[in-house]
Amino acid sequence: EGDEVEACEPFLQRQIRAVQPEVIVALGRYASQTLARQSTAISRMRGKWLEYEGIALMPTFHPAYLLRNPAEKKPVWLDLQQVMDRLGLEPPARR
């Protein structure tokens, strides 16, 4: 994992500079810990705004985790609502 991060992070940084996102949503433990430069458990990081190189970072659970733990979908939805609010977007209407 450390070698992969070392190899891929320069590419990621170039992509982020090119896109200039207002917000980054990090999906899962590895992405969140790497971008936040923390070893904190994802369960403690998720839902809290952090920062990656001056860009707002929202860590949340990985979609594969949600498939195994459907009860965690609600906290992720709350995380994504924070992201939408920060971007000035309205959540989609419930059907």
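Since the model is a prediction, treat every value here as computed from it, not as a measurement.

## Quick look at the packing of aromatic side chains
Working step 1: Under the criterion given, the structure shown has one aromatic pair.
Working step 2: Each ring, one from phenylalanine 61 and one from tyrosine 65, has its centre 4.7 Å from the other, and the planes form 40°; the classification is tilted.
Working step 3: Residue phenylalanine 61 is classed as buried on the basis of its relative accessible area of 8%.
Working step 4: What makes tyrosine 65 partly exposed here is its relative accessible area of 26%.
Working step 5: The lysine or arginine in question, arginine 29, covers the ring of tyrosine 30, its NZ or CZ lying 4.4 Å from the ring centre.
Working step 6: We note arginine 86 situated over the ring of tryptophan 49; from NZ or CZ to the ring centre the distance is 4.3 Å.

## A few points about the layout of surface pockets
Working step 1: Size it by volume and the largest pocket reaches roughly 200 Å³.
Working step 2: In terms of residue count, the dominant contributor to the lining of the largest pocket is helix α1 (residues 2-19) (five residues).
Working step 3: Split by residue class, the lining of the largest pocket holds six nonpolar, one polar and three charged.

Cut-offs and rules
Residues numbered from 1 in each chain as written. Predicted model: local features only at pLDDT ≥ 70, side-chain atom pairs only at ≥ 80, totals over all residues. Heavy atoms only, no water. Phe/Tyr/Trp six-rings, centres within 6.5 Å; stacked < 30°, edge-to-face > 60°. Buried < 20%, exposed > 50% of the residue type's maximum accessible area, 1.4 Å probe, protein only. Lys NZ or Arg CZ within 6 Å of the ring centre and 35° of its normal. 1 Å grid on protein atoms, 1.4 Å probe; cavity = no way out; pocket = protein on both sides within 12 Å on 5 of 7 lines; lining within 4 Å. Points joined across faces, edges and corners; volume = space filled by probe spheres on them. Helix = DSSP H or I, 4+ residues; strand = E, 2+ residues; numbered from the N terminus. Nonpolar A, V, L, I, M, F, W, Y, C, P; charged D, E, K, R; others polar.

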